[in-house]
Structures are given as structure tokens and as C-alpha cells.
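A closer look at the structure
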Amino acid sequence: MSDTMNIEDYLEQGGVLTSPMNVPARYRGELLRLMGSFVDSELAGSAGFAASINFAPGIKERIAASRITLEKADHAERVLNVMGSFGTDTARYQNQHNWAARAERDADIGTIRTGGDMRLSVFHYPITGWADAVVMNVLMGLATGVQITELTRLSYAPLAEVFREIAPREARHAELGLEGLERIMANNEQREEALESIAYWRPRVAATFGHAGSQRFETQKRLGLRHTPNEDLLAEWNNQLDTRLSTL
Amino acid sequence: MARFHPLEVTDVRRETRDAVVVTLKPRAEDAEAFDFTQGQYLTFRRDFDGQELRRSYSICAGKDEGVLRVGIKRVDGGAFSTWANEELNPGAVLDAMPPMGKFYTSIEPDADKHYLGFAGGSGITPVLSIIKTVLAREPKSKFTLVYANRQINSIMFREELEDLKNLYLGRFSVIHVLETEGQEIDLFTGRIDDEKMKGLFERWIDAGSIDTAFICGPEPMMLTIAASLRDHGLSDDQIKFELFASGQPGRAKARPVSKQTHDTAETTEATVMLDGTSRTFQMESRDMSVLDAALANDLDAPYSCKAGVCSTCRCKVLEGEVEMAVNHALEDYEVRAGYALSCQAIPLTDKVVISYDE
């Protein structure tokens, strides 16, 4: 079996790469960008949720919020370790930014990356209370589920494996949120607050799916880093969310 | 960042006409760092004509052999593999990074699993390490190996595999598929293609009994086998891949000699190559990074931390010179080969050409 093929053709046909030694330059750049965005988002998400622990109305909720805070940091670390195999200085990286920093609640950030880090724009908005934290976690948790499922199929095997390991735990975070949201929606006063939060977070979470017809997506698809277009993932999230909310 | 450690070569055994098996010994203080997991690889570095070359080779030893051993097959035009095959002798010292790679599943002593391995040519090396370890440490598990080679005399570890079959009767079976040599069973002659995979699953291997499949070989073989495994009901998390050495980029080319000397002009004409197209624009000041200039000109260049830490924005300087304010991610040999972190790269010459494609 001495025959080989061009690595770009191999990737287009669904091939898998397995070590930093066999990735082409452009692939390397896009792969690291994808990982950087994930790590920054998880760290910013964890930092944002840390403050929510003290909004928790009871011990059960406090434990749930702590667990989410802990595991998101752990997921960031696992992906950062893959970045480390490409030369990233992991010790410096994790102290590079203020992950707890937030913009104003009514700031208009759009989908543009702001500040020095690559977190998804939704993680720049501050959480204002327990109902708000739960709603944000449900909406973003379901979005993360859709987005991570897409990433479990990506062509860099060591990273796809990490995503397959963390996908069920991220799904559990969304479930914890849904359990909390059920309790909140059963209370008339809190229900109003939660509905307002849903209206606030829904467009901001939707923006994390990126633009329809994205050029970046085409590049990532060619490299086997993505498979499903942004608009299809967004539609899937909208479906899931509507189904879940309709039962509350 | 992973560091290199010296390994002493204690044995070099000729395995086939163009492959050697090299046994290595770490220093006592490095023993822990080199305590590998079955299926992992070592990355070596060596200077050839003043240029550093890095190559990865899979460990072929099992966990219970108590040695560190890699198989190195000579590749046409491959400087490192040719040198290892022709000039490497016991007593030599090789620089290597600690074992890396995730081509394995964790060992569970009570497991009763059926593993299926596919190896093409020297792709056998990590698979052999897995076979030996699994058979020794999971006494109830079975392993089926499909091993593709050109002809009988190019089969690496042929005798060792026969010995394993005898040692683990009924738990280990090998199907040799030979490209250019006829065998009693037609199915085992020729290349592994979709048709052959179907034949294997019809008569020789029960796809439903497989817990995990390992594939290591060249790109076309990996594609064919992975597609067939999925067709036969295996999910992505049941298929483990290791792309073998052919995917490694060629020798790092020397940094091109600058066509210009430093000058005092305040502006720079920058040309950026990305996805096969190049764009040229003027940088009006010398205190802006090449990355920021590219982004300002609507180029979708890769970056993440913008602090010289993550290396997402790595580019190659093809012409002119740049200076990096900080560099926490690229190693010296990458910098010598002309790579730079574009987020930190300030142009020093009135013309620079950089590429994200190389």
C-alpha cells in the first residue's frame, strides 16, 4: 500500500487527521481558531456562571450552578491541551484574558468578536439574576448541544474524541437548566421574569450560530472541520427550543 | 511545551529489506516520561545539512515487553528514514519527545471485547503494540488483524505475528492481503477496496461482534475502510485512526534569503497569500502587525489570542523580513525555517510576502 493521495483530497472525501505532524498549514490555522473560540467561550461561560452560584435560591440549585461552572472550565482545559500539542503555551493562554469581564446588558455587540479573546459574543452579556441565569443556561445549553454534536464529527481525531467525551456532560448542563426552568415557570411571579429573559437571550444565542451562507463555513467544510451549514444548525436549535418551551 | 530527551539506541534489527526495528533506552530520570501507552508514537529530531528535521514513528512494543521500540520503514527520498535504515547503529543517541497520540482504547482487564485492526505496510507498528498489549492484559478479548502488503517479503513483523497466533490460540487471527502475490483465497489478493471489505464481512468477520476498529495506513486505505466500517454499522466512536507517515510534510525548507536589506521607509507593501490567492496592500505604518493589516484589508486570516501565545496565526515569511514582539508558541527551528506569528510580526522591509498556506 504505497499509494498516497493529496491531503486536501483526502479531507474533502471525509479523511481523518491524527497528529500535529500531518496537518497542512491552513488546516492548522482553522483548527486552532476553532479550538481557541471554544476554549475562550467555555472559560467565559464558566466565569459568568460562577457569579450565578450566589443567585441560587437553594442548595440543589447552588450545586447545579457549581457543577456547570466546574465542568465548563474542565472542558476548556481538555481542548486547550489539544492546542498545546500544536505549540500553544497553555499556561500563558489561560491567563491571557479576564474571562469574567462583561459588557453592558444593553450593549449592541452583534456577532463581532470584541475584546481580545475569541469567546462567542453571547458570553459578553452579563447575567442579572437566578431566573436569568437559568434561562441563559437552557438556551445556550441547547445551542451548545447542537454545535458540539456537529463538532464530534470533525476531521481532527484527537479533538473529535474530546468533543465526544464532553458532549454528554454539556447535554447534562442543559438538562439541569431545564429542571430549574420548570420550577421557575411554575411560579407566577418568576414566570414573567423568565419570559423576559427568554426574549432577551434568544436573539443573542441565535447569533452564536453565525451567518447564513458563511464563507468561513465553506472553508471549514472543505477541511472536514464542519459539515452542516450555520442556518441548518440554527433551525435545529430553534426546533429543539420551541419543543422544550412549549411543555413549560 | 514538550521537550526533547536523549534516547540511547541499544539495538537496530533489520526487519525487511527496507525496514528496521530500533530499540531505545531513556535515561533513568526520563523513564517516567517515556512510559508509553500502546499505539502511541515518538517524534524524533535530527539535523540534516544544518536543517532540523522532525519525524514521528509509532512504537511497536507492547506494554509488557519492558522496552521502547519503533519500526522505521525507508520512504523514497525520506532523509530520516533512509538514514535510520542505512546508518543508525547501537550506541547512537536520538533526541525524542515523550510519547504522544490517542490511537488506543483504555485497557480493562475484565473486558471481553473483539477488536478489529487494519494495517497497511508499516502501519502495522502501532497496531502491533495494541495487539500485544490487549492480548496480554485483557485475557478474554480477541483481536482480528487484516494486514495489507505488496508482497510476502515486504511484510513487517511476519514471524512475530505468527508467534502471537500460537501464543494466543483462538484469540488472535491474521488475514494477510497481498497486492501482487496470488494466494489460495482470491479475496486475499489485490488491494483492499470496497468489494474486498464486503467479502471480508460476508465470510470472515462478523461486523456485529466488533467493539472497536483500529486503522493505520495510507490515506486512500483509511477512507475505504472507514466508509465500509460505517456501512457495516460501526459508529465514529468505535473507529480509531492513525494516519501514517506519508501524511507528514516534507523537509522544512530553509528560510529564503531576503531580497532586500533593512531600510528606513515608513511604509511596507505587504502581500498575503491565503487559500491559494494573494492580495497586496500598503501598510502605512511600521507599528502594526501583519495580521492586523491583513484583517483591516478584509482577509479572513486565522488568529485567536493575538498575544503570541496560541500560534493560530502562524504564517511563513516568503520575502522580506519581519520582527516578532513576543513569541511564546513557535520553536526556534520553526523560526529558522521562516515561520512567524503574524499577530506579532512587524515588517522591517519595504516589501514583505507572507503565506498562511505553507
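Residues numbered from 1 in each chain as written. Chains lettered and ligands numbered in written order. Predicted model: local features only at pLDDT ≥ 70, side-chain atom pairs only at ≥ 80, totals over all residues.

1. Focus on the overall build of chain B
As a reminder, the rule being used: Secondary structure counts use DSSP, requiring at least four H or I residues in a row for a helix and at least two E residues in a row for a strand, with both numbered from the N terminus. Here a residue counts as buried when 20 or more other C-beta atoms fall within 10 Å of its C-beta, as exposed when 12 or fewer do, and as partly exposed in between; the C-beta atoms come from the backbone.
Each helix and strand in chain B was counted, giving seven helices and 18 strands. Its C-alpha atoms give chain B principal-axis dimensions of roughly 75 × 50 × 40 Å. Out of the 358 residues in chain B, the part that is buried amounts to 41%.

2. Remarks on the overall build of chain A
Rule in force here: In this setup the radius of gyration rests on C-alpha atoms only. A globule is expected at 2.2 Å times the number of residues raised to 0.38. Contacts here follow a simple rule: the backbone-placed C-beta atoms of the two residues must lie within 7 Å.
Summing up its helical and strand segments, chain A has nine helices and zero strands in all. Against the globule reference of 18 Å for 248 residues, chain A gives a C-alpha radius of gyration of 19 Å, in line with a compact fold. In terms of its C-alpha atoms, chain A occupies a principal-axis envelope of roughly 70 × 35 × 30 Å. Of all 248 residues assigned to chain A, the portion counted as buried reaches 45%. In chain A, the proportion of contacts linking residues at least 24 apart, taken out of those at least 6 apart, comes to 70%.

3. Description of the pairing of strand S9 (residues 172-178) of chain B
All names here are of chain B. Note the cut-off: Any two strands are treated as partners once DSSP identifies two or more bridges connecting them. Handedness of a crossover is defined as follows: orient the strands so they point away from the viewer, and if the path from the first strand over the helix to the second runs clockwise, the crossover is right-handed.
Here strand S8 (residues 142-149) pairs with S9 via seven bridges, running parallel. Paired with Tyr147 across the strands is His176, a residue of S9. Once you follow S8 into helix H3 (residues 158-167) and on to S9, the crossover reads as right-handed.

4. Some thoughts on the interface of chain B and chain A
Let me state the cut-off plainly: Under the scheme applied here, ten amino acids are nonpolar (Ala, Val, Leu, Ile, Met, Phe, Trp, Tyr, Cys and Pro), four are charged (Asp, Glu, Lys and Arg), and all others, including Gly, are polar.
Between chain B and chain A, the contact holds 45 residues from the first and 43 residues from the second. Of all the elements in the fold, those that place two or more residues in the side of chain B that touches chain A are helix H5 (219-231) and strand S11 (239-243) of chain B. At five residues, H5 of chain B tops the list of elements feeding residues into the side of chain B that touches chain A. Residue composition of the side of chain B that touches chain A, grouped by class: 20 nonpolar, 13 polar and twelve charged.

5. Let's talk about the environment of Trp201 of chain A
Residue and element names in this part refer to chain A. Summarising the element assignment, Trp201 is placed in helix H7 (residues 188-206). For the pair Trp201 and Met136, spaced 65 residues apart in the sequence, the C-alpha separation amounts to 6.3 Å. For Trp201, the residues in contact, after removing those within four places along its chain, are Val135, Met136 and Leu139.

6. A word on the sheet that holds S8 of chain B
Residues and elements named next belong to chain B. Selection criterion: Geometry is summarised by axes, namely lines fitted to C-alpha atoms with helices restricted to the contacting stretch, and by angles between N-to-C directions that run from 0 to 180 degrees.
One open sheet accounts for five strands, arranged S9-S8-S7-S10-S11; its pairing is parallel. Looking at which strands have only one partner, the edges of the open sheet turn out to be S9 and S11. Neighbour-to-neighbour, the strand axes of this sheet turn through a mean angle of 10°, independent of strand direction.

7. So, the sheet that holds strand S2 (residues 19-26) of chain B
All names here are of chain B. Within the open sheet, the six strands sit side by side as S4-S3-S6-S1-S2-S5. Their pairing is antiparallel. In this open sheet, the two strands that pair with only one neighbour each are strand S4 (51-58) and strand S5 (68-73). When strand polarity is set aside, the average angle formed by the axes of neighbouring strands in this sheet is 40°. By the bridge criterion, six bridges tie S2 to S5 in an arrangement that is antiparallel. Bridging from a neighbouring strand, Ala19 pairs with Lys73 of S5. Sitting on the sheet, helix H1 (residues 79-86) is in contact with S2, strand S3 (41-48), S4 and S5, with an inclination near 110° to S5.

8. Looking at the domain arrangement of chain B
Just so we agree on the cut-off: Where each domain starts and ends follows an automatic or database-derived domain assignment.
Domain boundaries assigned for chain B yield domain 1 (5-100), domain 2 (114-247) and domain 3 (268-355). Computed from C-alpha coordinates alone, the two centres of domain 2 of chain B and domain 3 of chain B are separated by 44 Å.

9. Re unusual backbone geometry
What is expected of a backbone is that most residues other than glycine have negative phi and most peptide bonds are trans. Residues and elements named next belong to chain B. With a phi close to 50°, Asp49 is a non-glycine residue in the positive phi region. With respect to the helices and strands, Asp49 occurs in the loop between S3 and S4. The exposed category is assigned to Asp49, around which 8 C-beta atoms lie within 10 Å. Located in the positive-phi region is Asp298, a residue other than glycine, with phi close to 65°. Following the sequence through the fold, Asp298 ends up in the loop between helix H6 (290-296) and strand S14 (314-319).

10. Structural notes on the nonpolar core
Defined as follows: Nonpolar cores are identified as sets of buried Ala, Val, Leu, Ile, Met, Phe, Trp, Tyr and Cys residues joined via C-beta atoms within 7 Å.
In terms of nonpolar packing, the biggest core is built from 155 residues, with Met35 and Val135 of chain A together with Ile131 and Ile215 of chain B touching the most fellow members. With 13 residues, helix H5 (residues 130-151) of chain A is the single largest residue contributor to this core. Non-local contacts of Val135 of chain A, meaning those with residues more than four positions away in its chain, are made with Leu181, Ala194, Ser197, Ile198 and Trp201 of chain A.

11. Some thoughts on the packing of H5 of chain A against helix H9 (residues 230-246) of chain A
All names here are of chain A. Applicable threshold: For classification, angles of less than 35 degrees are called roughly parallel, those exceeding 145 degrees roughly antiparallel, those between 65 and 115 degrees roughly perpendicular, and all remaining angles oblique. Crossing handedness is defined as follows: a turn of the near helix away from the far one that is anticlockwise and smaller than a right angle gives a left-handed crossing, while the clockwise case is right-handed.
In contact at an axis separation of 10 Å, H5 and H9 are set at 140° when each is read in the N-to-C sense. Between H5 and H9, the interaxial angle falls into the category oblique. When you trace H5 past H9, the crossing you get is right-handed. Listed contacts from H9 to Leu139, Leu142, Ala143, Val146, Gln147 and Glu150 of H5 are Leu233, Glu236, Trp237, Gln240 and Leu241.

12. Concerning the confidence of the model for chain B
Segments scoring low in pLDDT should not have their predicted coordinates read at a detailed level. Residues and elements named next belong to chain B. This is how the line gets drawn: For every residue, the predictor assigns a confidence score, pLDDT, that lies between 0 and 100.
Looking at chain B, pLDDT values average 91 and 94% of them are 70 or higher. Below a pLDDT of 50 lies the segment residues 246-254, which in the model reaches 17 contacts outside its immediate sequence neighbourhood of four places, other chains included. Predicted confidence is poor over residues 256-261, with pLDDT under 50, and the contacts of this stretch with residues over four places away or in other chains come to eleven contacts. Both confidence scores are given for the complex: pTM 0.88, ipTM 0.83.

13. Some thoughts on helix H2 (residues 25-52) of chain A
Short version of the rule: Helix span is expected to be 1.5 Å times the residue number reduced by one.
Over its 28 residues, H2 of chain A extends 41 Å from the first C-alpha to the last, a length consistent with the 40 Å expected when each residue adds 1.5 Å. Summarising burial for H2 of chain A: 24 of the 28 residues are buried, a large majority.

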